[in-house]
Amino acid sequence: MSMTQRPLTTIGFDADDTLWQNEQFYRLTERQFIELLADHAESENISQELLETEKRNLHRYGFGIKGFTLSMIETAIEITKGEVPTTVIAQILDIGRDLLAHPVETLPNVRETLEALTGNYLLVLITKGDLFDQERKLAQSGLGDLFDAIEIVSDKNASTYRRIFSKVGDGPERAMMVGNSLKSDIVPALAAGSYGVFVPHELTWAFEHVAEPTEAPRFRKIEHLGELRGVIDGLG
Ligand SMILES: [Mg+2]
């Protein structure tokens, strides 16, 4: 395939809540966690405390379920002022392990869209999180063969996208990033000079919320992945 003269050659896809469900499983686990601590604090306080602990730990643990589990334990210790029973700690470890085994549920229009694009564009999966967990989800999704490259990264910023799109494709200007997080997928990809296609998911982690960059000429927004080909065709 000739790559010259084409406005777009390379498409990056976020994984969690773009290709498959993710946040809903975290929310379920958080509800179980709140129930475990119900005798010690109000549920809103537990949620708030957990989010604060996660944010504080991100730069050490990175994104993913193992770090989330450690943050649940830390929150339990804080909320109970050190009185949390070891049986509750064991239950927290259990719900963390359950989260690592959640079923992979592909979102609507994902497979058809990837099948239509693969071969015509270089497709690269770009995701944060625990390496082991993301590899498991990719294997279970059955989508792995549709991608030309898989990049599991510790953070997503403009230089991440510049590096990946230069390595896999022919630079960020002829690349597009598709994802459900404005903060991680869209804003930094736009800053790198790529197109950013925002696919909102009804559940998005509070940490990932920022304003929509509606003024950016390369910003696009779609309702679901089935609309992606229309956006690509519109680039000419
Ligand atoms: Mg995501």
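Scroll up for the structure.
A brief report on the enclosed structure follows.

Conventions and cut-offs
Per chain, residues are indexed from 1 in the order of the written sequence. The predicted nature of this model means local features are confined to residues of pLDDT at least 70 and side-chain atom pairs, given and counted, to a pLDDT of 80 or more, with totals for whole chains, interfaces and linings taken over all residues. Each side-chain value is derived from all of the structure's non-hydrogen atoms; neither hydrogens nor water enter the calculation. One speaks of a salt bridge when a side-chain nitrogen belonging to Lys or Arg is within 4 Å of a carboxyl oxygen belonging to Asp or Glu. A run of DSSP states H or I qualifies as a helix once it reaches four residues; a run of E qualifies as a strand once it reaches two. Both are numbered from the N-terminal end. We call a residue buried when its accessible area falls under 20% of the maximum for its residue type, exposed when it is over 50%, and partly exposed in between, using a 1.4 Å probe and counting protein chains only. Here, two residues are considered to be in contact whenever any of their heavy atoms come within 4.5 Å of each other.

Bringing the pattern of salt bridges into the picture now. Side chains that carry opposite charge are capable of pairing whenever their charged atoms lie near each other. As enumerated under the stated definition, the model contains 14 salt bridges in all. The salt bridge partner of D16 is K137, with a shortest N-O separation of 3.0 Å. With D16 in the loop between β1 (10-13) and α1 (23-36) and K137 in helix α6 (residues 131-141), the pair connects residues that are 121 residues apart, well separated along the chain. We classify K137 as buried; its relative accessible area is 1%. Residue D185 pairs with K156 through a salt bridge whose shortest N-O separation is 2.7 Å. Here D185 is found in helix α8 (residues 182-191), whereas its partner K156 is found in the loop between β3 (149-152) and α7 (158-168), with 29 residues between them in sequence. Given the relative accessible area of 0%, D185 is considered buried. Judged by its relative accessible area of 5%, K156 falls in the buried class.

Here the focus is α6. Side chains that are three or four residues apart share a direction in an α-helix, a result of its 3.6 residues per turn. Every buried residue of α6 is listed here: D133, Q134, R136, K137, L138 and S141. For α6, the secondary structure elements touched by its buried residues are α3 (65-79), α4 (86-99), α5 (110-117), β2 (122-127) and β3. Where α6 terminates, the next one or two residues include G142, which has phi positive at roughly 70°.

Looking at the element boundaries, D130 is found in the loop between β2 and α6. In the structure, D130 is positioned 24 residues away from S154 in sequence and 8.5 Å away in space, judged by C-alpha atoms. Apart from residues lying up to four places away in sequence, D130 is in contact with F63, G64, I65 and K66.

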